[in-house]
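Structural description and commentary
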Amino acid sequence: SRDKKVILYFGRIRPYKGVEDLIEAFGRIDHPDAVLLVAGKPSSPDVEARLQSLSSVQPNSRRIRLELNSVPQRELQYYFGACNLVALPFRSVLNSGSLLLGFSFGRCVVAPNVGSIVEVAPEGSHFGYEAGDVEGLAATLASALELPDLMLRGERAREYIERQFGWQQIGEQACKLYTDLLTSHQSGQA
């Protein structure tokens, strides 16, 4: 239904990525229109079994969808297009391709205030919390879902990411680097 608010976790599922924390936090959210979609391949059968078990005991378990397999790259657009919010509940991380992917699809992201996340995230589109704090994650998810301009913020994030990290920007930076190197090399030989 159009009224649903879909929270998406996307990517390989490894213990440090905090997907169990996300399921537990989602279980604490009293938002009847919220749906959690976890899409990705678990790193082991044990991880998969824990996710299945944990999601089945949540009070809102019927609103948790686990798609525990590899998602073909051509289907990315469907997952990100269907969600309202991306959740990346890392317990520890330096940087994240999934973070930039979420922003590039015009979605806001809930992720902990760790690594380079805070520096990379466009203002007003990253909702942070303390890594490993399930209660903080639940509160952050709930407050993000209540924002009336959530999708507009996501669109602003997409535009920002395009300007800062788009191919045009990367090409210009590479060109400047090579020009600077050549200039310094030539002046060093004079």
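Scope of this entry: the structure provided in the associated data block. (Residues numbered from 1 in each chain as written. Predicted model: local features only at pLDDT ≥ 70, side-chain atom pairs only at ≥ 80, totals over all residues. Heavy atoms only, no water.)

With that out of the way, let us pick up the sheet that holds strand β4 (residues 85–87). Note: strands within a sheet are paired through backbone hydrogen bonds, in either parallel or antiparallel orientation. The strand order across the open sheet formed by six strands is β3-β2-β1-β4-β5-β6, and the pairing between neighbours is parallel. Each having just a single partner strand, β3 (64–67) and β6 (126–127) make up the two edges of the open sheet. Across four bridges, strand β2 (residues 34–39) lies against β3 in parallel orientation. Counterpart to L36 in the pairing with β3 is I64. Each of β1 (5–10), β4, β5 (108–110) and β6 touches helix α4 (residues 97–104); the most contacted strand, β5, lies at about 145° to it. (Pairing = 2+ DSSP bridges. Helix = DSSP H or I, 4+ residues; strand = E, 2+ residues; numbered from the N terminus. Contact = heavy atoms within 4.5 Å. Axes fitted to C-alpha atoms, helices over the stretch in contact; angles between N-to-C directions.)

Moving on to the side chain of Q58. Structurally, the position occupied by Q58 is in the loop between α2 (45–56) and β3. Taking the relative accessible area as the measure of exposure, Q58 reaches 10% and is therefore buried. (Buried < 20%, exposed > 50% of the residue type's maximum accessible area, 1.4 Å probe, protein only.)

A word on the pairing of β1. Within β1, five of the six residues are buried, which leaves the element mostly enclosed by the surrounding structure. Of the strand pairs in this sheet, β1 and β2 are connected by six bridges, and their pairing is parallel. Within the sheet, the bridge partner assigned to L8 lies in β2 and is L37. For the segment spanning β1, helix α1 (residues 19–27) and β2, crossover handedness is right-handed. Pairing between β1 and β4: two bridges, direction parallel. Pairing of L8 across the sheet is with V86, part of β4. (Right-handed = clockwise from strand over helix to strand, strands pointing away.)

Counting 54 residues, the largest nonpolar core has L85 and L141 as its most contacted members. In this structure L141 touches I7, L22, A25, I29, L85, A87 and V110, once residues within four positions along its chain are discounted. (Core = buried A, V, L, I, M, F, W, Y, C linked by side-chain atoms within 4.5 Å.)

Over its 16 residues, helix α7 (residues 150–165) runs 22 Å from end to end, which matches the ideal 22 Å to within 8%, given 1.5 Å per residue. Taken together, the buried positions of α7 are occupied by L150, G154, A157 and I161. Down the axis of α7, the buried set is contained in an arc of 55°. They therefore lie on one face. Away from its buried face, by an angle of more than 90 degrees, α7 presents the exposed residues E162 and R163. In this structure, the buried side of α7 is in contact with β4, α4, β5, α5 (117–120), β6 and α6 (134–145). (Expected span 1.5 Å × (residues − 1). Arc of directions from axis to C-beta.)

To continue, consider the environment of S143. Looking at the element boundaries, S143 is found in helix α6. Judged by relative accessible area, S143 falls into the partly exposed class, the value being 44%. With 114 residues separating them along the chain, S143 and I29 place their C-alpha atoms 9.9 Å apart. In terms of polar contacts, S143 uses its side chain to reach the backbone carbonyl oxygen of T140, at 3.2 Å. (Polar contact = N/O pair within 3.5 Å; in protein donor to acceptor, adjacent residues only side chain to side chain.)

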